[in-house]
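Listed here are the chains, written in short residue letters.
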Amino acid sequence: MTALTDTATARIVPRHVAIVMDGNGRWAKARHLPRPAGHWQGLNATRRVVRLCHERGVEVLTLFAFSSENWRRPTWEVGILMELFVTALKRELTELVNRGVRLRFIGDRAAFSERLQRQIAEAEALTEANTRMQLVIAASYGGRWDIVQAAQRIAEAAKAGQIDPAAVDGACFEQYLSTAGLPDPDLLIRTGGEKRISNFLLWQLAYTEFFFSDSFWPDFDAAELDSAFESYAARQRRFGRTGDQVASRA
Ligand code: IPE
Ligand code: IPE
Ligand code: MG
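Please read all numbers here as calculations on a predicted model, not as lab measurements.

1. Quick notes on the environment of Met82
Relative to the assigned elements, Met82 resides in helix α3 (residues 75-98). Taking the C-alpha atoms as reference, Met82 lies 8.2 Å from Leu116; in sequence the two are 34 residues apart. Every residue in contact with Met82, bar those within four places of it in the chain, is listed here: Phe66, Trp71, Phe112 and Leu116.

2. As for the site of ligand 2
With respect to spatial proximity, the complete set of residues near ligand 2 consists of Val20, Met21, Asp22, Phe64, Ala65, Phe66, Asn70, Arg73, Arg190, Arg196 and Ser198. At 2.9 Å from an oxygen atom of ligand 2 is found a side-chain nitrogen or oxygen belonging to Asn70. When isolated, ligand 2 has an accessible area of 390 Å², and the protein chains bury 78% of it. When atoms are counted within 2 Å of each cavity's grid points, the one that captures over half of ligand 2 is the largest pocket. In terms of residues, the shell around ligand 2 owes the most to one element, strand β2 (residues 60-67), which gives three residues. Its residues assigned to classes, the shell around ligand 2 comprises five nonpolar, two polar and four charged.

3. What to know about the packing of aromatic side chains
Tallying each qualifying case throughout the model produces eleven aromatic pairs. Their ring planes at 75 degrees and their centres at 6.0 Å tell us that Tyr141 and Trp145 sit as a pair that is edge-to-face. According to the relative accessible area criterion, Tyr141 is buried, its value standing at 0%. Taking 6.3 Å as the distance between ring centres and 90 degrees as the angle between the ring planes, the aromatic pair formed by Tyr141 and Phe200 counts as edge-to-face. You can see Tyr141 sitting in strand β4 (residues 133-141) and its partner Phe200 sitting in the loop between β5 (187-190) and β6 (209-212), a full 59 residues away along the chain. Take Phe200: its relative accessible area is 0%, and that puts it in the buried class. Three or more aromatic residues joined by ring pairs make a cluster, and in this case those are Phe64, Tyr141, Trp145 and Phe200.

4. Side note on the environment of Leu177
Here Leu177 is to be found in the loop between α6 (170-174) and β5. For Leu177 and Arg238, which are 61 residues apart along the polypeptide, the C-alpha to C-alpha distance reads 25 Å. Each residue touching Leu177, except ones within four places of it in the same chain, is listed here: Asp146, Ile147, Gln149, Ala150, Trp203 and Gln204.

5. Details of the pattern of salt bridges
All chains considered together, the criterion is met by 15 salt bridges. For the salt bridge of Glu59 with Arg15, the shortest nitrogen-to-oxygen distance reads 2.8 Å. Pair noted here: Glu59 is in the loop between α2 (35-56) and β2 and Arg15 is in the segment before β1 (16-20), with a separation of 44 residues, a long-range link. On the accessibility criterion, Arg15 (32% relative accessible area) is partly exposed. Arg51 is the partner of Glu95 in a salt bridge, and the nearest nitrogen-oxygen pair spans 2.8 Å. Taken together, the residues Glu95 in helix α3 and Arg51 in helix α2 connect sequence positions 44 residues apart. Accessibility expressed as a relative area gives 31% for Arg51, which makes it partly exposed. One network of salt bridges, with partners in common, ties together Asp22, Arg26, Arg190, Glu194 and Arg196.

6. Considering the layout of surface pockets
By volume, the largest pocket amounts to about 980 Å³. The wall of the largest pocket is formed by 45 residues, among which Met21, Phe64, Ala65, Phe66 and Phe85 lie closest to the centre. Contributions of two or more residues to the lining of the largest pocket are made by α1 (24-30), α2, β2, α3, β3 (101-106), α4 (114-127) and β4. Residues belonging to the lining of the largest pocket are distributed by class as follows: 23 nonpolar, nine polar and 13 charged.

7. Section: the side chain of Arg104
Looking at where Arg104 falls in the secondary structure, it is placed in strand β3. One buried charge, Arg104, has no salt-bridge partner; the nearest side chain with opposite charge is Glu124, at 6.3 Å. There is a polar contact of 2.9 Å between the side chain of Arg104 and the backbone oxygen of Ser178. Here Ala180 takes part through its backbone oxygen, which lies 2.7 Å from a polar atom of the side chain of Arg104. Residues within four places of Arg104 in sequence aside, it is in contact with Glu124, Gln134, Leu135, Val136, Ile137, Ser178, Thr179, Ala180 and Leu182.

What counts, and at which threshold
- Residues numbered from 1 in each chain as written.
- Chains lettered and ligands numbered in written order.
- Predicted model: local features only at pLDDT ≥ 70, side-chain atom pairs only at ≥ 80, totals over all residues.
- Heavy atoms only, no water.
- Helix = DSSP H or I, 4+ residues; strand = E, 2+ residues; numbered from the N terminus.
- Contact = heavy atoms within 4.5 Å.
- Near = heavy atom within 4 Å.
- Polar contact = N/O pair within 3.5 Å; in protein donor to acceptor, adjacent residues only side chain to side chain.
- Areas by Shrake-Rupley, 256 points an atom, 1.4 Å probe, with all protein chains shown as cover.
- 1 Å grid on protein atoms, 1.4 Å probe; cavity = no way out; pocket = protein on both sides within 12 Å on 5 of 7 lines; lining within 4 Å.
- Sits in = over half its atoms within 2 Å of the grid points.
- Nonpolar A, V, L, I, M, F, W, Y, C, P; charged D, E, K, R; others polar.
- Phe/Tyr/Trp six-rings, centres within 6.5 Å; stacked < 30°, edge-to-face > 60°.
- Buried < 20%, exposed > 50% of the residue type's maximum accessible area, 1.4 Å probe, protein only.
- Salt bridge = Lys/Arg side-chain N within 4 Å of Asp/Glu carboxyl O.
- Points joined across faces, edges and corners; volume = space filled by probe spheres on them.
- Lys, Arg positive; Asp, Glu negative; His and termini not counted.

Laid out in structure tokens, this is it:
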């Protein structure tokens, strides 16, 4: 809940940016290409945005790559997305290491193949000491899943006598979420034109600023990212206080 104590005026560059990378399928459809072509092109946009955020000084970038509900897609599309994750992890790791990026995965990773789970664990271990930027990949992730797994682990700890149920507050709860230790997102960007959360970081987005883009994810570029940052910088974050209170504290 660090955001509640942040300065009220948004910084020009948000500290933590979260992105719902949507619109790959429609990008492909508009070009009479199969949906996977959109996913592969989306990977290029992902690489571009990671580089840009790194250059702009973003501290944490969280990307929604695959939701709990995306398992409902046709088996062939899920299979292609899993293949894409494996290939992307292999191909991009060296650059991430060179850039000092720390990788962290959030989500129900037990749902992945053993091979992918192993690759994820290795990538996390390899980049563990990096401090320049944290790249958080939400895969097989759902905001509801996150809250439920936290509640389960808290219940287990209480049963084992390790925590007192009366002492469970927001700060304690956050330590059990998959994002433990990360600041809440300052800015959420969703591409693809839809204006919904689609079960992304439900708890963590409580006071996040939202920016919606009609561009499909493969088309999202530096100009769009900068306009999202400009829009963010012009906002007054009040966290429940009045505008006057916030202005006098700034
Ligand atoms: C986002 O693009 C990527 C994933 C959800 C894996 P979509 O595949 O949802 O693309 P649209 O929304 O169908 O265009
Ligand atoms: C949200 O996109 C999930 C990701 C971008 C990974 P979806 O395409 O799955 O969202 P809905 O189904 O349109 O809400
Ligand atoms: Mg979509």
